[in-house]
Amino acid sequence: GFIPQNCDTSLISEIVKIDSNTAIQTSRNLATKEGVFAGISSGASVAAAIEVGCRPENAGKTIVCIIPSFGERYLSTALFADLHVEAVNQAPEDLIA
């Protein structure tokens, strides 16, 4: 993958690989279950933190991750494509009973 020149790789003890589908699903879960409107890279970060946190040696420990992206720039991507289809197919309802 891409490693920026200003990244001091000697400080990195581990890289956790997260596939795109898991990153997208975790981002959707953040939005729908936690109220955190985050992007795909944030979904990957949280999924990696969950994976690390589930290890037996980390039981009872606090795991911290950085959420590096917001969700608004992903509104027209696969992340929220199903919501767009749902919104387009909605029919107006009468408000007066």
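This section reports on the structure supplied with the text. (Residues numbered from 1 in each chain as written. Predicted model: local features only at pLDDT ≥ 70, side-chain atom pairs only at ≥ 80, totals over all residues. Heavy atoms only, no water.)

### With respect to the overall build of the protein chain
Definition in use: Numbering of helices and strands runs from the N terminus, with a helix taken as a DSSP run of H or I at least four residues long and a strand as a DSSP run of E at least two residues long. Only the C-alpha atoms count toward the radius of gyration. The rule for a globule is 2.2 Å times the residue count to the power 0.38.
Looking only at helices and strands, the protein chain features 3 helices and 0 strands. Ordered by position in the sequence, the α and β elements of the protein chain form the string α-α-α. Relative to the 2.2 N^0.38 estimate, which gives 13 Å for 97 residues, the radius of gyration of the protein chain is 18 Å and therefore markedly larger than a compact globule would have. Its C-alpha atoms give the protein chain principal-axis dimensions of about 65 × 35 × 20 Å.

### Focus on the packing of helix α1 (residues 20–34) against helix α2 (residues 40–53)
To be explicit about the condition: Here an axis means a line fitted to C-alpha atoms, over the contact stretch when the element is a helix, while the angle between two N-to-C directions is reported on a 0 to 180 degree scale. By the definition adopted for this analysis, an angle is roughly parallel if under 35 degrees, roughly antiparallel if over 145, roughly perpendicular if from 65 to 115, and oblique otherwise. Should any heavy atoms of two residues lie within 4.5 Å, those residues are counted as being in contact. Here the nonpolar group is Ala, Val, Leu, Ile, Met, Phe, Trp, Tyr, Cys and Pro; Asp, Glu, Lys and Arg are the charged ones; every other residue, Gly included, is treated as polar.
Viewed as axis vectors pointing N to C, α1 and α2 meet at an angle of 95 degrees, and their least axial separation amounts to 7 Å. The orientation of α1 with respect to α2, classified from their angle, is roughly perpendicular. On α2, the residues that touch T22, A23, I24, T26, S27 and L30 of α1 are I40, S42, G43, A44, V46 and A47. The residue makeup of the contact of α1 with α2, split by class, is 7 nonpolar, 5 polar and no charged.

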